[in-house]
Amino acid sequence: MEKNGKRFEGKLVIVTASTQGIGFSIAERLGLECASVVISSRKQKNVDEAVKKLSDGGIEVLGLVCHVLNAQQRKNLIEKTIQDAAPYLKKGSSVVLISSIAGYAPPALMGMYGVTKTALFGLTKALASEMSPDTRVNCVAPGFVPTHFTEYIRKNEHLRRETEGKTLLNRLGTTRDMAAAVAYLASDDAAYDLLAS
């Protein structure tokens, strides 16, 4: 993929759970739009592999180990980001944080998946109300996107077709679809898009 815009030039973007799947695609997309990207995962091996892929694509990236359920590791993620990346940012740069609810509660069953998405909408509205007007809070609810979390759908053709048939577009989303949506919502193009309004 080639660089495709400069909407995130001068921005530092932290994407948690971002060494695979949707998180990786988001980090890659924002990096290709000139963001400085911080990625994280629970395993150093995954971090190292993702950093190499992004760096090879010309993306400025810092990779850190962080399990988002661990308060100390979350704190370390922010502190290390400030220590390692902030000195290189220009004056007036801003920070964008993108995090996945799946990092907090990976859905094991479809019913649980629905519950976590409902909770996500409620949390988003509450945070948007509390943090406006200085901070924008948005969310994307991907549904079933082919990643390792939804591998059971991809491997079962009947279930895959049934799931696709329940979508208005008659197909599953892709990680690039999700990255494009997040890139829009995190950019200044979405400066007036407020979920909680």
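Because the structure is a prediction, the values reported are computed rather than measured.

Undergrad: Explain the overall build of the protein chain residue by residue, including any values.
TA: Each helix and strand in the protein chain was counted, giving seven helices and four strands. Overall, the protein chain shows an N-to-C arrangement of helices and strands of β-α-β-α-β-α-β-α-α-α-α. Here the protein chain, with 197 residues, has 35% of them falling under the buried criterion. For the protein chain, contacts bridging at least 24 residues in sequence account for 64% of all contacts bridging at least 6. Accessible surface, the protein chain: about 11800 Å² in total, of which carbon and sulfur atoms supply 55%.

Undergrad: Can you lay out unusual backbone geometry for me, pointing to particular residues and giving the numbers?
TA: Following Ser132, the chain continues to Pro133 via a peptide bond in cis, the omega torsion being 5°. Positionally, Pro133 belongs in the loop between helix H4 (110-131) and helix H5 (151-155). Residues other than glycine seldom take positive phi values, yet Ala17 does so here, at roughly 50°. Of note, Ala17 is situated in the loop between strand S1 (11-15) and helix H1 (21-32). One non-glycine residue with positive phi stands out, namely Asn170, at about 60°. Taking relative accessible area as the criterion, Asn170 reaches 51% and is therefore assigned exposed.

Undergrad: Run through the pattern of salt bridges, naming residues and quoting values.
TA: Two side chains that carry opposite charge are able to pair once their charged atoms sit near each other. Using the criterion set out here, one finds 12 salt bridges in the structure. With a shortest N-O distance of 2.7 Å, Glu33 and Arg7 are connected by a salt bridge. Of the two residues, Glu33 is situated in the loop between H1 and strand S2 (36-41) and Arg7 in the segment before S1; the sequence distance between them amounts to 26 residues. Exposure remark for Glu33: the relative accessible area of 1% places this residue in the buried category.

Undergrad: Tell me about the packing of H1 against helix H7 (residues 175-186), and name the residues and values.
TA: Contact pair H1 / H7: the axes reach a minimum separation of 8 Å and the direction vectors enclose 50°. One element, H1, and the other, H7, form an angle in the oblique class. For the crossing formed where H1 meets H7, the hand is right-handed. For the pair H1 and H7, the contacting residues are Gly21, Ile22, Ser25, Ile26, Arg29 and Leu30 in the first and Thr175, Arg176, Met178, Ala179, Ala180, Val182 and Ala183 in the second. Across the contact of H1 with H7, the residue classes tally to eight nonpolar, three polar and two charged.

Undergrad: A description of the sheet that holds S2 should follow, citing residues and the corresponding values.
TA: On the basis of which strands lie adjacent, the open sheet formed by four strands has the order S3-S2-S1-S4 and parallel pairing. Each of the sheet's edge strands pairs with one partner strand only, and the pair in question is strand S3 (61-65) and strand S4 (94-98). Here the average twist between neighbouring strands, direction ignored, is 15°. Of the strand pairs in this sheet, S1 and S4 are connected by five bridges, and their pairing is parallel. Looking at S4, one finds that Val15 is bridged to Ile98. Sheet contacts for H1: S1, S2 and S4; angle to S1, the most-contacted strand, approximately 175°. Its contacts with the sheet place helix H2 (residues 44-56) against S2 and S3, and it is angled at close to 175° to S3.

Undergrad: If you had to explain the side chain of Thr19 to someone new, which residues and values would you point to?
TA: In this structure, Thr19 sits in the loop between S1 and H1. According to the relative accessible area criterion, Thr19 is buried, its value standing at 10%.

Undergrad: If you had to explain the pairing of S3 to someone new, which residues and values would you point to?
TA: Examined bridge by bridge, S2 and S3 share five bridges and lie parallel to one another. Directly across from Val38, in S3, lies its bridge partner Leu62. For the crossover from S2 across H2 to S3, the handedness is right-handed.

Undergrad: With reference to specific residues and values, describe the environment of Ala128.
TA: On the secondary structure map, Ala128 appears in helix H4. C-alpha separation for the pair Ala128 and Asn138, spaced 10 residues apart in sequence, amounts to 7.4 Å.

Conventions we followed
Residues numbered from 1 in each chain as written. Predicted model: local features only at pLDDT ≥ 70, side-chain atom pairs only at ≥ 80, totals over all residues. Heavy atoms only, no water. Helix = DSSP H or I, 4+ residues; strand = E, 2+ residues; numbered from the N terminus. Buried < 20%, exposed > 50% of the residue type's maximum accessible area, 1.4 Å probe, protein only. Contact = heavy atoms within 4.5 Å. Areas by Shrake-Rupley, 256 points an atom, 1.4 Å probe, with all protein chains shown as cover. Salt bridge = Lys/Arg side-chain N within 4 Å of Asp/Glu carboxyl O. Axes fitted to C-alpha atoms, helices over the stretch in contact; angles between N-to-C directions. Parallel < 35°, antiparallel > 145°, perpendicular 65-115°, else oblique. Left-handed = near helix turned anticlockwise from the far one by under 90°. Nonpolar A, V, L, I, M, F, W, Y, C, P; charged D, E, K, R; others polar. Pairing = 2+ DSSP bridges. Right-handed = clockwise from strand over helix to strand, strands pointing away.

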